[in-house]
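# Structural overview for review
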Amino acid sequence: MANDWRSETVDSIRGFINEAAPGVDEEAKWRKASNPDGVPTFSRSGLICTVETYKDKVKVTFAKGASLEDPAGLFNASLDAGTRRAIDIHESDELDGDAFIELVRRAVSLNEG
């Protein structure tokens, strides 16, 4: 991945996830020629989310997002999916860190249910 706004965004998301869920397991999955680094996945008592990098955005997909309360309205993609929900972050977007941390905590709580 190029060292640009996308890598900075992924690093920021990683920091928020680690703050919300200390001891979270991070693993790179789905490596392929077009994405040799793979997709970062974050788990604790089950999958929390994946963080994918595209040309024009970073997509954070919550595995059980449809079951999470999102009072800050962070979810803006995959809104009609049966189970998951996603947050698309573009270069000009600013992610609300506090709301994101709370969303990760809700996801962990759901997993540990």
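Structure's up top.
Just so it is clear, the model here is predicted, and its values are computed rather than measured.

Its 16 residues give helix α1 (residues 5–20) an end-to-end C-alpha distance of 22 Å, which sits within 8% of 22 Å, the value for a rise of 1.5 Å per residue. Residues of α1 that are buried include every one of Trp5, Arg6, Ser7, Thr9, Val10, Ile13, Phe16, Ile17 and Ala20, and no others. Where the residues of α1 are buried, they touch β2 (39–43), β3 (47–53), β4 (58–62), β5 (85–89) and α2 (97–112).

Right, let's get into the nonpolar core. In a soluble, globular protein the nonpolar side chains are often hidden away together inside. Within the largest apolar cluster, 28 residues are counted, with the highest numbers of intra-cluster contacts made by Ile13, Val60, Phe62, Ile87, Phe100 and Val104. Sequence-distant contacts of Ile87, defined by excluding residues within four places in its chain, comprise Val58, Lys59, Val60, Phe62, Leu74, Phe75, Asn76, Leu95, Phe100 and Leu103.

On to the pairing of β5. Counting buried positions along β5 gives five out of five residues, so the element sits mostly inside the fold. Residues Arg85, Ile87 and Ile89 of β5 are buried on one face, and the alternating residues Ala86 and Asp88, pointing to the opposite face, are buried as well. As paired elements, β4 and β5 share five bridges and run antiparallel to each other. Residue Phe62 lies in a different strand from β5, and its bridge partner there is Arg85.

With that out of the way, let us pick up the sheet that holds β2. Pairing is antiparallel across the open sheet formed by five strands, whose spatial order is β1-β2-β3-β4-β5. Every interior strand has two partners, whereas the edge strands, β1 (25–29) and β5, have only one. Strand-to-strand twist of the sheet, defined as the mean angle between neighbouring strand axes without regard to direction, takes the value 20°. Where β3 meets β4, five bridges bridge the pair, whose relative direction is antiparallel. The residue of β4 that forms the bridge with Glu52 is Lys59. Contacts from α1 reach β1, β2, β3, β4 and β5 within the one sheet, and its direction differs from that of β4 by about 30°.

So, how was this worked out
- Residues numbered from 1 in each chain as written.
- Predicted model: local features only at pLDDT ≥ 70, side-chain atom pairs only at ≥ 80, totals over all residues.
- Heavy atoms only, no water.
- Helix = DSSP H or I, 4+ residues; strand = E, 2+ residues; numbered from the N terminus.
- Expected span 1.5 Å × (residues − 1).
- Buried < 20%, exposed > 50% of the residue type's maximum accessible area, 1.4 Å probe, protein only.
- Contact = heavy atoms within 4.5 Å.
- Core = buried A, V, L, I, M, F, W, Y, C linked by side-chain atoms within 4.5 Å.
- Pairing = 2+ DSSP bridges.
- Axes fitted to C-alpha atoms, helices over the stretch in contact; angles between N-to-C directions.

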